[in-house]
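Examining the three-dimensional arrangement
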Amino acid sequence: MGDDLTATVERVRGSVESVIEGKPEVVRLALTVLLAEGHLLIEDVPGVGKTMLAKALARSIDCSVRRIQFTPDLLPSDITGVSIWDQQRRDFEFKPGAIFAQIVIGDEINRASPKTQSALLESMEERQVTIDGQTYELPSPFMVVATQNPVEMEGTYPLPEAQRDRFMARVSVGYPSVEAEIRMLDVHGGTSPLEDLQPVAHAHEIVKLVEAVREVHVSEPVRRYAVELVAATRTHPELRLGASPRAALHLLRAAKASAALAGREYALPDDVQALAAAVLAHRLLPTAQAQLNRRTAEQVVLEILQHTPVPTAAPGRQNGLGGLGRTIPAYPQQPPRSL
């Protein structure tokens, strides 16, 4: 990325981190998903800042934002919109729903019924909404940031597999450290820092960042490495549902965004490794025996990372990206590291 685009990323990162204390890795993952044209699922117990993270990201960018509070009585038309009969025109007029925004915050998404959750499927994958046979395009950039409580919490519905598969990554905010929580009491004790948060980037700047991420080079060995990780989940004995081909595509896009955030024009196996658990784990279903053994999907992904060979170093190639003609290494010039 150019210096101007890098400065834009740093402004957004700094803005979000001014609200979310002591969680730089969570903020980085949220930015990675934004630049990779994905959607983010934030899962954790109540009160740790899930909605605060989503709002901070949305307010840091000068674009349209809509918030949907998912409840058991929420209808699909509340999300997508509905056609209403206009007496004067004697015709149906479409009233857009809350999904028609550049950043959509879905709060406690798993409190709505699966029927209502399914209203997001078309918009998240195809960036469009079809109502009464008419298709409406969604604005760009478009990102859904959804929060959910663990399924064990009372009054929640598990997300359908098709819905989880459309989220590029899942992140858990976690409890803050003692020092971060003390700072939070000082900063948040009087007023919410969201009230003073101003946009630090325009929507067209985010679009430029997204276009720059698309141009990040990924060598054939790194692509193969990502596919091998995904394929290993489909044959693992402790999983009854592995990752889909969409998961491999999301892992590749996220790795490209991670490389761009690091100031590189090429992706490394390190980018794939660092994002594998966040991108793959929420799509996997452990077997009943694995659940009895208290084995989580994240643990299985880490085990797959340890047993999948990392591409070894090889000579780079000349890159024509942007006419720079600089040499791009295919993968890191260092021994593979075990996680």
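Cut-offs and rules
Residues numbered from 1 in each chain as written. Predicted model: local features only at pLDDT ≥ 70, side-chain atom pairs only at ≥ 80, totals over all residues. Heavy atoms only, no water. Helix = DSSP H or I, 4+ residues; strand = E, 2+ residues; numbered from the N terminus. Buried < 20%, exposed > 50% of the residue type's maximum accessible area, 1.4 Å probe, protein only. Areas by Shrake-Rupley, 256 points an atom, 1.4 Å probe, with all protein chains shown as cover. pLDDT = per-residue confidence, 0-100. Contact = heavy atoms within 4.5 Å. Core = buried A, V, L, I, M, F, W, Y, C linked by side-chain atoms within 4.5 Å. Pairing = 2+ DSSP bridges. Axes fitted to C-alpha atoms, helices over the stretch in contact; angles between N-to-C directions. Salt bridge = Lys/Arg side-chain N within 4 Å of Asp/Glu carboxyl O. Phe/Tyr/Trp six-rings, centres within 6.5 Å; stacked < 30°, edge-to-face > 60°. Lys NZ or Arg CZ within 6 Å of the ring centre and 35° of its normal. Expected span 1.5 Å × (residues − 1). Arc of directions from axis to C-beta.

**A short note on the overall build of the protein**
Scanning the protein from N- to C-terminus turns up 14 helices and 15 strands. Burial analysis of the protein (339 residues in total) assigns 50% to the buried set. About 16100 Å² of surface is accessible on the protein, with carbon and sulfur atoms providing 52% of the total.

**Focus: the confidence of the model for the protein**
Averaged over all residues, the pLDDT of the protein equals 85, while 90% of them reach at least 70. Under a pLDDT of 50 for its full length, residues 314-328 has, in the predicted model, 27 contacts with residues more than four places off or in other chains. In the predicted structure, residues 332-339 sits below a pLDDT of 50 and forms 13 contacts with residues beyond four places in sequence or in another chain.

**Thoughts on the nonpolar core**
With 74 residues, the main nonpolar core has Leu40 and Leu57 as its most contacted residues. At nine residues, helix α11 (residues 245-261) tops the list of elements feeding residues into this core. Contact partners of Leu40, with chain neighbours within four places excluded, come to Ala30, Val33, Met143, Val144, Val145, Ala146, Phe167, Ala169 and Val171. Counting 24 residues, the second largest nonpolar core, distinct from the first, contains Ile99, Ile109, Met124 and Ile131.

**Thoughts on the pairing of strand β8 (residues 134-137)**
Note that strand β7 (residues 128-131) and β8 share four bridges and pair antiparallel. The partner of Ile131 across the bridge, within β8, is Gln134. The antiparallel pairing of β7 with β8 creates a hairpin that spans two residues between the two strands, and Asp132 there sits at a positive phi of about 50 degrees.

**What about the sheet that holds strand β10 (residues 169-171)?**
Hydrogen bonds along the backbone pair up the strands of a sheet, which may run parallel or antiparallel. Pairing within the open sheet is parallel, and its five strands lie in the order β3-β6-β9-β1-β10. Sheet topology places β3 (65-69) and β10 at the edges, where each strand pairs with a single neighbour. Between one strand and the next, the sheet's axes are offset by a mean angle of 20 degrees, whatever the strand orientation. Sheet topology note: the strand β6 (residues 103-107)/strand β9 (residues 143-148) ladder contains four bridges and is parallel. Bridge pairing links Val104 to Val144 in β9.

**Focus: the pattern of salt bridges**
Evaluation of the coordinates by the stated rule reveals 15 salt bridges. For the salt bridge of Asp271 with Arg264, the shortest nitrogen-to-oxygen distance reads 3.0 Å. Exposure remark for Arg264: the relative accessible area of 17% places this residue in the buried category. Each of Glu125, Asp165, Arg246 and Arg283 takes part in salt bridges that share partners, so that together they form one network.

**Notes on the pairing of strand β5 (residues 91-96)**
Relative to β5, strand β4 (residues 81-86) runs antiparallel, the two sharing six bridges. Bridging from a neighbouring strand, Asp86 pairs with Asp91 of β5. Hairpin connection, β4 to β5: the antiparallel pair is bridged by four residues, and Arg90 has positive phi, about 55 degrees.

**Brief notes about unusual backbone geometry**
Geometrically, the link from Ser140 to Pro141 is a cis peptide bond, its omega value of -5 degrees lying close to zero. The topology assignment puts Pro141 in the loop between β8 and β9. The phi angle at Glu37 is positive, at roughly 60 degrees, despite the residue not being glycine. Secondary-structure assignment places Glu37 in the loop between α2 (24-35) and β1 (40-43).

**As for the packing of aromatic side chains**
Taken as a whole and assessed by the stated rule, the structure comprises four aromatic pairs. The interplanar angle of 70 degrees and the centroid separation of 5.8 Å between the aromatic rings of Phe94 and Phe100 together place this pair among those described as edge-to-face. In this structure, Arg264 packs its charged tip against the face of Tyr266, placed 5.9 Å from the ring centre.

**A few points about the environment of Val279**
Within the fold, Val279 resides in helix α12 (residues 269-280). Spatially, the C-alpha atom of Val279 lies 5.8 Å from that of Met168, the residues being 111 residues apart in sequence. With residues near it in sequence (within four places) discarded, Val279 still touches Met168, Ala169, Ala247, His250, Leu251 and Ala254.

**Things to note about the environment of Glu17**
With respect to the helices and strands, the residue Glu17 is situated in helix α1 (residues 3-17). For the pair Glu17 and Leu53, spaced 36 residues apart in sequence, the C-alpha to C-alpha distance is 9.0 Å. Once residues lying within four places of it in the same chain are set aside, the contact partners of Glu17 are Pro24 and Val27.

**Examining helix α10 (residues 220-235)**
The first and last C-alpha atoms of α10 sit 23 Å apart over 16 residues, in line with the 22 Å expected at 1.5 Å per residue. Within α10, burial applies to Val222, Tyr225, Ala226, Leu229, Val230 and Thr233. Axial view of α10: buried residues confined to an arc of 125 degrees, hence all on one face. Buried-residue contacts for α10 involve β12 (239-241), α11, α12 and α14 (297-307).

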